[in-house]
Amino acid sequence: MKTVIVILGSKSDLHDMQGSFDTLDCFGVSYDVRIISAHRTPDAAADLAGKAAENGVKVLICAAGMAAHLAGAIAAHTVLPVIGVPLAAPPFNGFDSLLSTVQMPPGIPVAAVTAGPAGGKNAALLAIEILALSDPALARKLLDFRKAQTEKILTDDSDQRRERGN
Ligand code: RP5
């Protein structure tokens, strides 16, 4: 078992979560991907979450759309940090999954990130930040990432100003 598990409510969520996989790969963080549904495979969800800590998992990322109870259902069975990614699906395009993910009752927290594919990337970064609390090499990679991100925006700004002549 790896330090991070990315759980998807459906195979149809794989594409939206590519940014999560790419980011974890980029930082060299090992992870497993599972397709487990809070509603359609509730026993598997409880089993995975209940055994995660003893299996060495440190953070769980849960991505789901519609009535997105996956992150909450996983959080109910573990005290490990759970990050929820609300994905967009018709007809409410993610507003439904946002509320289902973020509106946890007091006592069972879920760290809900951005709705949609950007949430996949942010969930991975948040998981990496949690792991970096006890991993100085990973913390340095995060600082390098932030620096490169800042430099890219500054370069984009100077490039576009030069192209526009201002
Ligand atoms: C959710 O329902 C899944 O996470 C997915 O976003 C949505 C639709 O699932 P499928 O019908 O594509 O399996 O549980």
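Residues numbered from 1 in each chain as written. Predicted model: local features only at pLDDT ≥ 70, side-chain atom pairs only at ≥ 80, totals over all residues. Heavy atoms only, no water.

Colleague: I keep staring at the nonpolar core and nothing clicks. Help me out?
Modeller: In summary, soluble globular proteins display a tendency toward joint burial of nonpolar side chains. Residues V4, V6, M17, L24, V29, I61 and V85 are the most contacted members of the largest nonpolar core, which totals 25 residues. Sorting the residues of this core by element identifies β1 (4–8), α1 (18–26), β3 (59–64), β4 (82–86), α5 (117–132) and α6 (136–164) as the ones contributing at least two each. What M17 contacts, discounting residues up to four positions off in sequence, is V6, L8, I61, A63, V85, L87 and G120. By size, the runner-up hydrophobic cluster in this structure holds 20 residues, among which are I5, A52, V57 and A64. (Core = buried A, V, L, I, M, F, W, Y, C linked by side-chain atoms within 4.5 Å. Buried < 20%, exposed > 50% of the residue type's maximum accessible area, 1.4 Å probe, protein only. Helix = DSSP H or I, 4+ residues; strand = E, 2+ residues; numbered from the N terminus. Contact = heavy atoms within 4.5 Å.)

Colleague: Honestly, the site of the ligand in this entry has me stumped. Any pointers?
Modeller: Neighbouring the ligand are the residues G9, S10, S12, D13, R40, A64, G65 and M66. One nitrogen or oxygen atom from the side chain of S12 is found 2.6 Å from an oxygen atom belonging to the ligand. Interatomic distance of 2.6 Å between a side-chain N/O atom of D13 and an oxygen atom of the ligand. Burial of the ligand by the protein chains amounts to 71% of its free accessible area of 360 Å². In terms of residue class, the shell around the ligand is built from 2 nonpolar, 4 polar and 2 charged. (Near = heavy atom within 4 Å. Polar contact = N/O pair within 3.5 Å; in protein donor to acceptor, adjacent residues only side chain to side chain. Areas by Shrake-Rupley, 256 points an atom, 1.4 Å probe, with all protein chains shown as cover. Nonpolar A, V, L, I, M, F, W, Y, C, P; charged D, E, K, R; others polar.)

Colleague: Could you clarify how one ought to interpret the sheet that holds β3 in this entry?
Modeller: Hydrogen bonds between backbone groups are what pair the strands of a sheet, and the pairing can be parallel or antiparallel. Pairing is parallel across the open sheet formed by 5 strands, whose spatial order is β2-β1-β3-β4-β5. Strand pairing shows two members of the sheet lacking a second neighbour, β2 (31–35) and β5 (111–112), which therefore form its edges. Where β1 and β3 come together, 5 bridges link them in parallel fashion. Note on β3: the bridge partner recorded for I5 is L60. Each of β1, β3, β4 and β5 touches α5; the most contacted strand, β4, lies at about 170° to it. (Pairing = 2+ DSSP bridges. Axes fitted to C-alpha atoms, helices over the stretch in contact; angles between N-to-C directions.)

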